[in-house]
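Residues per chain, in single letters:
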Amino acid sequence: MDITINASFLPQNDPDAALGFYRDILGFEVRNDVDYKGLHWITVGPAGQPDTNIVLFPPEATPGLTDEERKTITEMMAKGTYGSLSLAAKNVDDVFDQVQAAGAEVVQEPVDQPYGVRDCAFRDPAGNLIRIQQQP
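Per chain, the residues get numbers from 1 upward, laid out in the order the sequence is written. For a predicted model such as this one, the threshold for reporting local features is a pLDDT of at least 70, and the threshold for listing and counting side-chain atom pairs is 80 or more; totals across whole chains, interfaces and linings nevertheless cover every residue. Excluded from the side-chain calculations are hydrogens and water; all other atoms, namely the structure's heavy atoms, are used.

## Details of the nonpolar core
- Nonpolar core, defined: a set of buried Ala, Val, Leu, Ile, Met, Phe, Trp, Tyr and Cys residues in which side-chain atoms within 4.5 Å join the residues together. Only protein chains enter the accessibility calculation, which uses a 1.4 Å probe; a residue whose area is less than 20% of its type maximum is buried, one above 50% is exposed, and one in between is partly exposed. Judged by nonpolar contacts, the single largest core of 21 residues is most densely connected at Tyr22, Leu56, Ile130 and Ile132.
- Labels follow the DSSP assignment, with helices taken as runs of H or I lasting at least four residues and strands as runs of E lasting at least two, numbered in each case from the N terminus. Those elements that place two or more of their residues in this core are α1 (15-25), β3 (39-45), β4 (53-57), β5 (84-89), α3 (92-101), β7 (118-123) and β8 (129-134).
- The element contributing the most residues to this core is α1, with 4 residues.
- Contact criterion: two residues are considered in contact whenever any of their non-hydrogen atoms come within 4.5 Å of each other. With sequence-adjacent residues up to four places away left out, Ile132 is seen in contact with Leu87, Ala88, Ala89, Val92, Val95, Arg118, Asp119, Cys120 and Phe122.

Printed below as a string of structure tokens:
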């Protein structure tokens, strides 16, 4: 089989703040911005990697969700336990300094993990955990 990852989905509850983080801080390209009935689905991805996409979606638009489920998702997003993304960089320390200087919420400064990875972590404006690890 020849299967690739086309898109991953992360919830966002403020399209402007999401753009500020993913486009302005991380430097991702905006590939698509769909506005439907006041809700935004924003597709972003790293420059030079047109086949790798992250769709920032409004979780309240998910079909079939009950009010209770929407409430639970909102609470989990606020705690940072709903969505996450793992990224990689050539120099995690430099990336950390830049992202921190831009005002992103720091969860973990760069550290050598006991399982062999050097990484750091931030929260995006919706509360998603964004880990950035050192490329080997």
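Don't stop here, the text continues.
## Focus: the sheet that holds β3
- Strand pairing is defined by DSSP finding a minimum of two bridges between the two strands. Reading across the sheet, the 4 strands line up as β1-β4-β3-β2 and stay open at both edges, with mixed pairing between neighbours. Strands at the two margins of the open sheet, each flanked by one partner only, are β1 (7-11) and β2 (29-36). Between one strand axis and the next, the sheet turns through 20° on average, direction left out of account.
- Bridge count for β2 against β3 is 7 bridges, and the pairing is antiparallel. The residue of β3 that forms the bridge with Val34 is Trp41.
- To obtain each axis, a line is fitted to C-alpha atoms, and for helices this fit is confined to the stretch in contact; angles are then taken between N-to-C directions over 0 to 180 degrees. Lying over the sheet, α1 contacts β1, β2, β3 and β4, oriented at roughly 5° with respect to β3.

Structural measurements only, silent on function.
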